[in-house]
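# Remarks on the overall topology
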Amino acid sequence: MPPRTCLCGLPASYQDCCGRLHRGEVAAATAEQLMRSRFSAFGVGDEAYLLRTWHPSDRPQRAGIDRRVKWVRLEVLETTGGSVVHTEGTVRFRAHYLERGRPGEMEEHSRFVRLDGRWVYAGVV
């Protein structure tokens, strides 16, 4: 069952926030929105969405979702470009998780590009 509050950190329910993107009802309007929705996809185990939003040039066979990791909170630290008028952008973020009950965090500076009009994850800066 999906979480009631969206994992991406925005003040909305999962169903009304990232759930709409995961279900394919809307596409991410910005690179940040795509990054947030991908974080949520890891949290709810939506591997199909992760693969669908990964640039085909480096898309893996599997998204690598580890069921022992519970993603709990996201901090967006910095964005460049990635708006509705850009064709590329970056998002630097810190993701907080629990693994076997122990807290942890990972930080990444991700690159996003528009491909056929849609934002996709294009790797790490």
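For the structure itself, consult the block above.
Residues numbered from 1 in each chain as written. Predicted model: local features only at pLDDT ≥ 70, side-chain atom pairs only at ≥ 80, totals over all residues. Heavy atoms only, no water.

### Re the packing of aromatic side chains
This is how the line gets drawn: Aromatic pairs are defined between Phe, Tyr and Trp rings, using the six-membered ring for Trp, whenever the two ring centres lie within 6.5 Å; interplanar angles under 30 degrees are classed as stacked, those over 60 as edge-to-face, and all others as tilted. Labels follow the DSSP assignment, with helices taken as runs of H or I lasting at least four residues and strands as runs of E lasting at least two, numbered in each case from the N terminus. In this scheme, a residue with accessible area under 20% of its type's maximum is buried, one over 50% is exposed, and one in between is partly exposed, where area comes from a 1.4 Å probe on protein chains only.
Applying the stated criterion to the full structure yields five aromatic pairs. Aromatic pair Phe 39 and Trp 71: ring centres 6.0 Å apart, planes at 75°, arrangement edge-to-face. Here the residue Phe 39 occupies a position in helix α2 (residues 31–44), and Trp 71 occupies one in strand β1 (residues 69–81), the gap between them amounting to 32 residues. No difference in accessibility class separates Phe 39 from Trp 71, as the two residues are buried. Ring plane angle 80° and centroid distance 5.3 Å describe the contact between Trp 54 and Tyr 121, whose orientation is recorded as edge-to-face.

### Considering the pairing of strand β2 (residues 88–99)
Rule in force here: Think of it this way: DSSP has to see at least two bridges between two strands before they count as a pair.
The pairing of β1 with β2 spans eleven bridges and is classified as antiparallel. Bridging across to β2, Val 69 finds its partner in Glu 99. The loop that links β1 with its antiparallel partner β2 comprises six residues; one of these, Gly 82, has a positive phi angle of about 75°. Pairing between β2 and strand β3 (residues 102–115): twelve bridges, direction antiparallel. Paired with Arg 92 across the strands is His 109, a residue of β3. Between the antiparallel neighbours β2 and β3 lie two residues, among them Arg 100 with a positive phi of about 55°.

### Comments concerning the side chain of Ser 40
Selection criterion: Whether two residues touch is decided by their heavy atoms; if any such pair falls within 4.5 Å, the residues are in contact.
Following the sequence through the fold, Ser 40 ends up in helix α2. Contacts of Ser 40, omitting those with residues within four sequence positions, involve Cys 6, Leu 7, Cys 8, Cys 18 and His 22.

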